[in-house]
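Single-letter residue listing:
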Amino acid sequence: MSTREETLAQWQAQDAAVRAKLADPGVASLEQLKQYSGVEFLQRILAGELPIPPIAQTLDFNLLEAEPGRVIFQGTPGMQHYNPIGSVHGGYFCTLLDSALGCAVQSVLPKGSGYTTLELKVNLIRALTDKTGPVRAIGKVIQVGGRVGVAEANIVDVDGKIYAHATTTCLVFALP
């Protein structure tokens, strides 16, 4: 089996294992948000103890990994994500990247803290199509302080080819 085939098989197996544990879509309560640190909250989603965000079901992507400062989302672009000119809509890129960026910031927040995206900068490097196969948005923290978080993310395929790069600035705040 080639490296590409091995990587594809690993990605598909990891996605299937995560999907098998996930809860139904929903929105966590403020009490649930406040109960955990950012990385604990994300890990509870991965464990199926908290609902997945509805947008993940709508666009058919999932959080696969969450550790402090780094998260991975995976999705497989399909015809349902196309724009009228015959490729995956930029909104798919942006949503996948915004999820990875925001959750990377969230992954280092202490219990009782939240965030919201203030700025999102996306560079689309090449088109996604229904033939691309699975892609991953890998988000990494650059710096998170008491009020501002900055992160970066790439969308890559199984060959490591980059399809998009993004950065974010997030507002960090105490949950009410």
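Here goes a summary of the coordinates provided. Bear in mind the structure is a predicted one, so any value in this text is a computation, not a measurement.

Cut-offs and rules
Residues numbered from 1 in each chain as written. Predicted model: local features only at pLDDT ≥ 70, side-chain atom pairs only at ≥ 80, totals over all residues. Heavy atoms only, no water. Helix = DSSP H or I, 4+ residues; strand = E, 2+ residues; numbered from the N terminus. Rg over C-alpha atoms; globule rule 2.2 N^0.38 Å. Buried < 20%, exposed > 50% of the residue type's maximum accessible area, 1.4 Å probe, protein only. Phe/Tyr/Trp six-rings, centres within 6.5 Å; stacked < 30°, edge-to-face > 60°. Lys NZ or Arg CZ within 6 Å of the ring centre and 35° of its normal. Pairing = 2+ DSSP bridges. Axes fitted to C-alpha atoms, helices over the stretch in contact; angles between N-to-C directions. Contact = heavy atoms within 4.5 Å.

So, on to the overall build of the chain. Looking only at helices and strands, the chain features 5 helices and 6 strands. When the helices and strands of the chain are read in sequence order from the N terminus, they spell out α-α-α-α-β-β-α-β-β-β-β. Whereas a compact globule of 176 residues would reach a radius of gyration of roughly 16 Å, the chain reaches 16 Å, a difference of no more than 12%. Principal-axis analysis of the C-alpha atoms gives the chain an extent of 45 × 35 × 30 Å. Taken across its 176 residues, the chain has 41% of its residues classed as buried.

So, on to the packing of aromatic side chains. A complete count under the given rule lists 1 aromatic pair for this structure. Ring plane angle 65° and centroid distance 5.8 Å describe the contact between Phe-61 and Phe-73, whose orientation is recorded as edge-to-face. Linking Phe-61 in strand β1 (residues 61-67) with Phe-73 in strand β2 (residues 70-75), this pair joins segments that are 12 residues apart in sequence. Given the relative accessible area of 2%, Phe-61 is considered buried. When the ring centre of Tyr-163 is taken as origin, the NZ or CZ atom of Arg-126, which lies over that ring, is 5.7 Å away.

All right, on to the sheet that holds strand β4 (residues 135-144) then. One open sheet holds the 6 strands; their spatial order is β1-β2-β4-β5-β6-β3, and the pairing between them is antiparallel. The open sheet has two edge strands, β1 and β3 (113-124), and neither has a second partner. Taking the axes of each pair of neighbouring strands and ignoring which way they run, one obtains an average angle of 20° across the sheet. Direction of pairing for β3 relative to strand β6 (residues 162-174): antiparallel, over a ladder of 11 bridges. Within the sheet, the bridge partner assigned to Val-122 lies in β6 and is Ala-166. On the sheet, helix α3 (residues 38-46) packs against β1 and β2 and is oriented at approximately 135° with respect to β1. Each of β1, β2, β3, β4, β5 (148-157) and β6 is contacted by helix α5 (residues 90-106), which is oriented at about 130° to β5, the strand it contacts most.

Purely geometric stuff here, so don't read any function into it on its own.
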